Amino acid sequence: MFSAMIINGLFNQTIAQNVKSQIINGNQIEVTTPEFQLIIQAISLNQNAQVDMLEFTYLPSKNKTSWHHSYTVSSDQRAELLKNKLPAIQVKKGGNTPTTELYFLDKYIIELETNPFHLAVREIDFKNSTKDLNNQYANSSVILRDNISLPWVNEDHKISKNFEIQEDYFIGLGEKTGPVNKKGNAYTMWNSDVPAYGLDQDPLYVSIPFYIGGNNAFNYGVYVDHSSKSYFNFGAACDYSSISVEDDHLRYYVILGHSISDISSKYRALTGYTPLPPKWSLGFHQSRWSYKTQDEVLTLAAEFKKKNMPIDAIHLDIHYMDACKVFTFNQNAFPNPKLMIESLKKNGVNIITILDPGIKVEKGYPAYENALKQDLYLKYPNGKNYEAGVWPGLCNFPDFTNPKARNWWSNSVKFYTDLGISGLWNDMNEPAAWGKEVPSYIRFNREGHLSNLTQNRNIYGMQMARATREGAEKLLNKRVFTLTRAGFAGIQKYAAVWTGDNVATDDHMMLSFKMLANMSLCGVDFVGADVGGFMNPATPELFTRWMSIAAFTPFYRAHKMIDMPTSEPWCYGDINTEINRYYMQLRYRLMPYIYSAMQQNESPVLKSMAYYSNLSPFNYSQAFSDKFESQFVLGNGLLIAPVRSTAKSTEVFLPTLPSSNHWYSIYSDQKLSSNKTHFVNAGMVQLPIYVHAGAILPEIVPQKIENTQSKSDTINFHIYYNNVGLYEGYLYEDDGISLNHKDIPKGQIRIFGNAKDQDITFKIEKSNGFEFPYKTIQFVVHGLPESKASNIDDSPKPHIFEVKNEVFVANSAKVTETNIPHFAIKQDLYKIERVTKTEQPIYKFCVSMPSETFHFKIK
Ligand code: MIG
């Protein structure tokens, strides 16, 4: 712990300290004061010799025994990063006081006032500066400056760091309620089981100590690399921002980059990417607490077929177990789980079972005895195993921070994989137990660094998910689906995350989408909320609205609390059933788009409007307005504007993108300009969804959509006409299940388009060696200016197109279908609300396979 002197320092007002020495050592600056040592380490994420982040480590001088152990940035990974080359640090006296040292690192300056200690990070404006360091300093501005400059331990044993506030916004922190812009608020990181959480309750189940601060001139990210209980204050009841951790030292990374997208992509590179999930897990999941018998489950799956509604997974909640004991099946309720699972799988339905961490204390129960024998449970300081009540009764808890316990759990998962299960759901892993909180003095192994609940609570769930994931993946040697409620920074590597026990209200629904985009900003892309709301019954309108919006979120599962009325997608009346079916099917039609979005790593799969704020002054002025906080973009092309269940219209904000100046309604192809907000229809059958000009959406059209295996002979690339130039589309495919190694067959199609004057040229890059399963690839061009459309192609390219009855026809191939594909909702549904469809011509041309380039002209 920090020395008493610092604690006293806080009270006697003389916390300011003079720097005793500063030493440069490669890409490291070591600063020593009487009370602490600070090590600043410059880091590049790759070989481009640019400073991507600065790592700050504060160590109390009097306590050299401090260690830093991170589950997010492993010491091996860090050692690799430190091998990346950086330009030498250049040192200069200068700045505002005669005792200021300036350290020039690439585009940044660290400004150290030595007497007393005070630190600032500045960004150099290279556009306006020369090579001269004085000039660079003059053309630099502060991005992060100390407020009260010292870290100290206060009476709560927190070590804190305070910064001046220049920011207009603070975004991030993962699974948090409240507004997207967290300025003026304070948050705690402490994984908690919070059923029916309030709309601004904090903390929840997951802790991700990463945020981005900025204004329209700069951005930076801060990742606090501690799983200890921690606190973030963005100016709540004070005029500074602060980070505090309950630990004996402090390490955080300042992530540098000019834009939000730049910083979030560097954070991803640091903490790991969401692996590509098995394709089936991107289909629809049906859950409730609980489907209790084998018959009930089989009937449920059959019902989806009968109702012509797609489904890929059914979740079995705690009732499948024998008296809630993990690694068991209740033999009375499920007489033949293996057969049930096999027969469901044949029909494309995967079973996912829940696993809680609590192991019932019961003589003769193999899991209990086994872990007891190997001494794998959490302990009191006196060595006795920690015991608390959960569903099975009194339980012990495996210490997932002990590699031996993880290994045991990984092997135990064989119980499930032997039954044919490849989907595992980790619940209650905050960990949750009845009654009071887990006592703070419970001991965790932490890879041999014995420590207590304060340091380890936030990491427990992630280590459980890791053991589950690694075990199942190894046993099955294919991609598995894992889902977790609790997690920490980096959880994306091990499991999808759902937002726990929400409530069936409009407020909760609207909240969920900003939470999901916020988690995606923090690297966790495979996210979802309980569709329809977990607690309480949903109104038909709420359920259906939630089904339609959530069709565009990565994890798509309807779930319901025990003792609630049935809540499957056909339980809310005929019209709602139709609408639910339409949006479920639309998701499956767009599965190539969703799967491709999940395959890329560069950017969040879900983006809130804040993500676009720096692209234009208009975006900036709208992005943090509470009117548009729930809006999100899925992938790079589709914007969804969530609306409350009973809304008939809404205002949407269509952000300006660099490559286009308008968006299209996906239903009617109606053009809406960006750089504007619009009042639009938003009745139940027509969720406002837009696609930006220049986007290219791949769509499949199976005859019958039953699950993600349903075959489509045709793939459509919907190309949205862009009058200002660029187009871009991406399709990634593989077998959907093999571990994503280098050597599995996979195919990619990238389409780049460029419109110049009256010419549009598309270049198609297709990877070799993968057989796409389509007989026909169609390019469907939306939004071509009607009267001008024509086809004159005099380029010597392999495909020449003619116009016949408003249809572009490749003269080397026949148009076989007479119906023109589009996303319009079935006419009978329109009648319900009398939405009028603006008729825009849709041009279609078919080729057997895309070749390198095609080209057409507009008169
Ligand atoms: O104490 O397993 O969030 O999804 O249905 C409640 C029963 C335990 C909490 C989970 C919820 C699940 C429920 N679980």
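Structure's up top.
Predicted model only: the values in this text are computed from it and were never measured. (Residues numbered from 1 in each chain as written. Predicted model: local features only at pLDDT ≥ 70, side-chain atom pairs only at ≥ 80, totals over all residues. Heavy atoms only, no water.)

### So, the environment of Gly214
Line of reasoning, step 1. You can see Gly214 is positioned in strand β14 (residues 210-214).
Line of reasoning, step 2. Looking at Gly214, the relative accessible area reads 0%, which means it is buried.
Line of reasoning, step 3. If sequence neighbours within four positions are ignored, Gly214 has contacts with Glu167, Asp168, Tyr169 and Asn219. (Helix = DSSP H or I, 4+ residues; strand = E, 2+ residues; numbered from the N terminus. Buried < 20%, exposed > 50% of the residue type's maximum accessible area, 1.4 Å probe, protein only. Contact = heavy atoms within 4.5 Å.)

### Some points on the pattern of salt bridges
Line of reasoning, step 1. Going through the model one piece at a time under the given rule, you end up with 32 salt bridges.
Line of reasoning, step 2. The residue Glu164 makes a salt bridge to Arg145 at a minimum N-O spacing of 3.2 Å. Note that Glu164 is positioned in strand β10 (residues 159-164) and Arg145 in strand β9 (residues 140-145), a separation of 19 residues in sequence.
Line of reasoning, step 3. Glu473 is the salt-bridge partner of Arg469, the closest N and O atoms lying 2.9 Å from each other. Taken together, the residues Arg469 and Glu473, both in helix α10 (residues 453-476) and four residues apart, mark about one turn of the helix.
Line of reasoning, step 4. Look at the salt bridges and you will find they share partners, linking Asp193, Asp427, Glu430, Arg485 and Asp501 into a network. (Salt bridge = Lys/Arg side-chain N within 4 Å of Asp/Glu carboxyl O.)

### Some thoughts on the nonpolar core
Line of reasoning, step 1. Formed by 214 residues in total, the largest nonpolar core has its most connected members in Tyr223, Ile314, Trp409, Phe552, Tyr583 and Leu638.
Line of reasoning, step 2. Beyond its immediate stretch of four places on either side in the chain, Phe552 contacts Tyr583, Leu586, Arg587, Leu590, Leu606, Phe632, Leu634, Leu638, Ile640, Leu687 and Ile689.
Line of reasoning, step 3. In this structure, Ile40, Leu86, Tyr103 and Leu105 belong to the second largest nonpolar core, which totals 42 residues. (Core = buried A, V, L, I, M, F, W, Y, C linked by side-chain atoms within 4.5 Å.)

### Focus on the sheet that holds strand β30 (residues 496-498)
Line of reasoning, step 1. A sheet is described by the order of its strands in space; here nine strands give the open sequence β31-β30-β28-β25-β21-β20-β19-β33-β32, paired in parallel fashion. A strand with exactly one partner marks an edge of an open sheet, and here the two such strands are β31 (527-528) and β32 (530-531).
Line of reasoning, step 2. In this sheet, strand β25 (residues 423-426) lies alongside strand β21 (residues 350-355) in parallel orientation, the contact comprising four bridges. Bridge pairing in β25 places Ile352 opposite Gly423.
Line of reasoning, step 3. In the packing of α10 onto the sheet, contacts are made with β21, β25 and β28 (481-484), and the angle to β25 comes to roughly 165°. (Pairing = 2+ DSSP bridges. Axes fitted to C-alpha atoms, helices over the stretch in contact; angles between N-to-C directions.)

### Some points on the sheet that holds strand β34 (residues 606-608)
Line of reasoning, step 1. Taken in spatial order, the six strands line up as β34-β35-β36-β41-β38-β39 in an open sheet, and their pairing is antiparallel. Two strands bound the open sheet, and with one partner strand each, they are β34 and β39 (671-673). Strand-to-strand twist in this sheet, taken as the mean axis angle between neighbours without regard to direction, amounts to 35°.

### Considerations on the site of the ligand
Line of reasoning, step 1. The immediate surroundings of the ligand are formed by 13 residues, with Asp317, Asp427, Arg485, Asp501 and His559 found nearest.
Line of reasoning, step 2. Within the side chain of Asp317, a nitrogen or oxygen atom sits 2.5 Å from an oxygen atom of the ligand.
Line of reasoning, step 3. Looking at the shell around the ligand residue by residue, the classes come out as eight nonpolar, one polar and four charged. (Near = heavy atom within 4 Å. Polar contact = N/O pair within 3.5 Å; in protein donor to acceptor, adjacent residues only side chain to side chain. Nonpolar A, V, L, I, M, F, W, Y, C, P; charged D, E, K, R; others polar.)

### Notes on the side chain of Ser227
Line of reasoning, step 1. Structurally, Ser227 can be placed in the loop between β15 (219-224) and β16 (230-234).
Line of reasoning, step 2. Within the local environment of Ser227, its side chain forms a polar contact with the side chain of Arg446, the two groups lying 2.9 Å apart.
Line of reasoning, step 3. At 2.7 Å, the side chain of Ser227 forms a polar contact with the backbone oxygen of Gln455.
Line of reasoning, step 4. Setting aside its immediate chain neighbours within four residues, Ser227 contacts Arg446, Thr454, Gln455, Asn458, Ile459 and Phe488.

### Thoughts on the packing of aromatic side chains
Line of reasoning, step 1. The final tally for this structure, using the stated rule, is 55 aromatic pairs.
Line of reasoning, step 2. When the ring of Tyr211 is compared with that of Tyr220, the centres are 6.4 Å apart and the planes differ by 80°; the resulting orientation is edge-to-face. We note that Tyr211, like Tyr220, is buried.
Line of reasoning, step 3. Judged by centre distance (5.0 Å) and plane angle (90°), the ring pair of Phe415 and Tyr416 falls under edge-to-face.
Line of reasoning, step 4. Taking relative accessible area as the criterion, Phe415 reaches 29% and is therefore assigned partly exposed.
Line of reasoning, step 5. One cation-aromatic arrangement involves Arg557 over Trp498; the distance from NZ or CZ to the ring centre is 5.2 Å.
Line of reasoning, step 6. We note Lys607 situated over the ring of Tyr611; from NZ or CZ to the ring centre the distance is 5.9 Å. (Phe/Tyr/Trp six-rings, centres within 6.5 Å; stacked < 30°, edge-to-face > 60°. Lys NZ or Arg CZ within 6 Å of the ring centre and 35° of its normal.)

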